[in-house]
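# Descriptive analysis of the structure
Next come the chains, spelled out residue by residue.
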Amino acid sequence: MPTGLVALLDDIAVIARAAAATIDDVGVAAAKAGSKAAGVVIDDAAVTPTYVTAFTPDRELPIIWRIAKGSLFNKLVLLLPGALALSELLPWAMVPLLMLGGLFLCYEGAEKVMEKLGAEEHGDTLDDPITDMAEFERERVSGAVRTDLILSAEIMAIALAEIADSPLFQRAVVLAIVGIAITVLVYGAVALIVKMDDIGLHLVEKRNTRTEQAIGRGLLHAMPRVLTVLSVVGTGAMLWVGGGIILHGLEQLGVHGPAALAHGAQHAVENAIGALGGVGGALGWLIYALASALVGLVLGWITALVVHKVFKIETGAQA
């Protein structure tokens with residue numbers, strides 16, 4: 001009996017050590033996968049505030065919360081099992097599907113640029129008379145969740161690529177951790193950004209110290225400009241990420257020319273300014289990002305023309 005008990009305890013210890021090692025592996029893999037997706041996370045954080053621009057303050061956090069719930073649904077219910085299934089059964093299909101998602105981002109970004117330049121607007125905006133504000137808000141949230149689906153798909157694909165050799169269960173756990181952590185990070189940051197003006201107003205009205213009042217006034221003056229800048233950055237991010245997905249996808253499918261041109265420009269800048277250390281690398285990255293955005297703008301413009309002029313399709317609410 002004692003021998004059996006000792007053997008049982010020994011087995012439990014072995015299982016515990018194995019579980020601890022697995023948890024440690026999952027943590028390392030999640031950190032690695034999440035860091036690789038950091039660029040898309042920044043884009044997501046830049047895009048989302050555009051969907052609450054010009055809404056009344058009392059609706060900002062509820063809208064962000066609805067988008068955040070949609071984002072979690074995208075990542076955990078739609079993308080996680082879909083990504084795992086595709087990686088197991090149809091790994092070749094992931095690249096074309098991602099490219100379609102990238103084309104959708106290009107289309108949305110290019111449509112916003114075209115409208116800013118005076119093209120016909122499609123769908124309602126907050127400058128138009130809104131007969132049903134609740135319906136308009138629902139459409140705005142739906143549009144944000146659709147855009148999030150593409151960005152989330154890119155995040156999950158990048159994360160999955162980093163752990164492709166891991167067992168299926170570990171891949172599932174890592175993707176779930178990455179999806180939840182990134183959603184909390186992105187929408188927590190977005191909520192903080194859009195409520196900064198309210199925080200500033202609170203500091204001013206509380207009549208605290210001069211320093212606090214100065215900070216409050218600074219926030220009140222700065223936040224409208226910050227949100228405007230974020231709106232521009234969000235549009236640029238759609239084009240940059242969408243164009244980058246297309247370039248990378250073509251490269252994976254054996255069409256190296258477009259990506260080679262963009263990388264060529266990047267390396268030329270890096271080599272020309274190599275003596276300045278990290279500045280050359282940063283400028284090279286910027287050149288590649290601009291090339292990706294240009295590709296995204298051209299492809300998005302063509303797609304928008306086809307959607308609106310050929311098929312006569314009207315889109316929903318615009319940010």
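Reading the values: the criteria
- Residues numbered from 1 in each chain as written.
- Predicted model: local features only at pLDDT ≥ 70, side-chain atom pairs only at ≥ 80, totals over all residues.
- Heavy atoms only, no water.
- Salt bridge = Lys/Arg side-chain N within 4 Å of Asp/Glu carboxyl O.
- Helix = DSSP H or I, 4+ residues; strand = E, 2+ residues; numbered from the N terminus.
- Polar contact = N/O pair within 3.5 Å; in protein donor to acceptor, adjacent residues only side chain to side chain.
- Contact = heavy atoms within 4.5 Å.
- Axes fitted to C-alpha atoms, helices over the stretch in contact; angles between N-to-C directions.
- Left-handed = near helix turned anticlockwise from the far one by under 90°.
- Buried < 20%, exposed > 50% of the residue type's maximum accessible area, 1.4 Å probe, protein only.

A separate point is the pattern of salt bridges. Any two side chains of opposite charge can pair, on the condition that their charged atoms come close. Under the definition given, this model contains 7 salt bridges. Ionic pairing is found between arginine 59 and glutamate 137, a salt bridge with its closest N-O pair at 2.6 Å. Of this pair, arginine 59 sits in helix H3 (residues 57–89) while glutamate 137 sits in helix H5 (residues 133–162); the two residues are 78 residues apart in sequence, bridging distant segments of the chain. Here lysine 195 and aspartate 198 are joined by a salt bridge, their closest N and O atoms 2.4 Å apart. Through salt bridges with shared partners, one network takes in Arg59, Arg66 and Glu137.

Within the secondary structure layout, serine 71 lies in helix H3. There is a polar contact of 2.5 Å between the side chain of serine 71 and the side chain of lysine 75. Once residues within four sequence positions are removed from consideration, serine 71 is found in contact with Asp148, Ser152, Thr183 and Tyr187.

Right, let's talk about the packing of helix H7 (residues 196–205) against helix H8 (residues 210–252) for a bit. With their axes 7 Å apart at the nearest point, H7 and H8 run at an angle of 150 degrees to one another. Pair H7 / H8 crosses with left-handed handedness. Facing Met196, Asp197, Ile199, Gly200, Leu201, Leu203 and Val204 of H7, the residues of H8 in contact are Glu212, Gln213, Ile215, Gly216, Arg217, Leu219, Leu220 and Met223.

Tracing the backbone through its elements, the reader meets glycine 102 in helix H4 (residues 94–116). Residue glycine 102 is classed as buried on the basis of its relative accessible area, which comes to 0%. A sequence separation of 140 residues divides glycine 102 from glycine 242, and the C-alpha atoms of the two residues are 4.0 Å apart. When near neighbours in sequence (up to four residues on either side) are disregarded, glycine 102 contacts Ile150, Gly242, Ile245 and Ile246.

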